[in-house]
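Chain residues, written in single-letter form:
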Amino acid sequence: MRLYSNNKVARLLSIDYGRKRCGIAVTDVLQIVPNGLCTVATHQLLSFLDDYFKREEVEAVVLGLPVQTNGQPSENQARVKQFAAQFSKRFPKKTIHFYDERFTSKLAHQAIIESGIGKMARRDKALVDEISACIILQDYLQSRQ
């Protein structure tokens with residue numbers, strides 16, 4: 001945790017990166033509680049982050065790393081790494097932490113079902129992506145303890 005001007009602490013932001021859209025989650029400024037923020041079309045992600053970083057202090061980005069159940073890179077991992085390279089060029093002062101995102105979509109679906117959300121709303125893939133980003137961030141925070 002890094003202190004910024006006026007003794008402010010910065011948030012962590014996580015991304016569940018997908019081909020069409022990306023789920024985004026952030027912590028509070030004390031980096032204790034993760035919350036889903038939104039879902040952004042993948043082609044608009046860098047612009048969204050540009051705007052968000054102007055409004056909020058973000059210490060680091062946790063980027064979900066797609067891995068198959070056998071530990072091998074998934075089909076989407078090359079796209080995630082390519083995005084990470086673009087991100088690092090655009091935001092050279094921001095740190096990226098890769099975090100294994102195995103089973104996050106399944107856990108997100110389960111969380112939606114358990115929350116009592118109706119069947120139609122459960123089909124909303126954007127909601128699944130946002131909750132997946134939140135799960136990635138929660139798991140990352142727990143791994144630091």
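Conventions adopted
Residues numbered from 1 in each chain as written. Predicted model: local features only at pLDDT ≥ 70, side-chain atom pairs only at ≥ 80, totals over all residues. Heavy atoms only, no water. Helix = DSSP H or I, 4+ residues; strand = E, 2+ residues; numbered from the N terminus. Buried < 20%, exposed > 50% of the residue type's maximum accessible area, 1.4 Å probe, protein only. Contact = heavy atoms within 4.5 Å. Areas by Shrake-Rupley, 256 points an atom, 1.4 Å probe, with all protein chains shown as cover. Patch = residues over 30% accessible without salt bridge, like charges linked within 9 Å, V, L, I, M, F, W, Y side chains within 5 Å. Salt bridge = Lys/Arg side-chain N within 4 Å of Asp/Glu carboxyl O. Pairing = 2+ DSSP bridges.

Looking only at helices and strands, the chain features five helices and seven strands. Reading the helices (α) and strands (β) of the chain from amino to carboxyl end gives β-β-β-β-β-α-β-α-β-α-α-α. Out of the 145 residues belonging to the chain, those deemed buried represent 41%. If you take every contact in the chain between residues at least 6 apart in sequence, the share linking residues at least 24 apart comes to 61%. Approximately 8,400 Å² of the chain is accessible, and the part contributed by carbon and sulfur atoms is 50%.

The next thing to look at is a nonpolar patch on the surface. On the surface, a nonpolar cluster with roughly 340 Å² of combined accessible area is contributed by V29, L30, I32 and V33. By the secondary structure assignment, I32 is in the loop between β4 (21-27) and β5 (34-41). Assessed through its relative accessible area of 56%, I32 is described here as exposed.

Turning our eyes to something else, we now look at the pairing of strand β3 (residues 11-16). The buried fraction of β3 amounts to six of the six residues, a majority that puts the element mostly inside the structure. When β3 meets strand β6 (residues 58-65), the two strands line up parallel, connected through five bridges. Counterpart to S14 in the pairing with β6 is V62. Sheet topology note: the β3/β4 ladder contains four bridges and is antiparallel. Paired with L13 across the bridge in β4 is V26.

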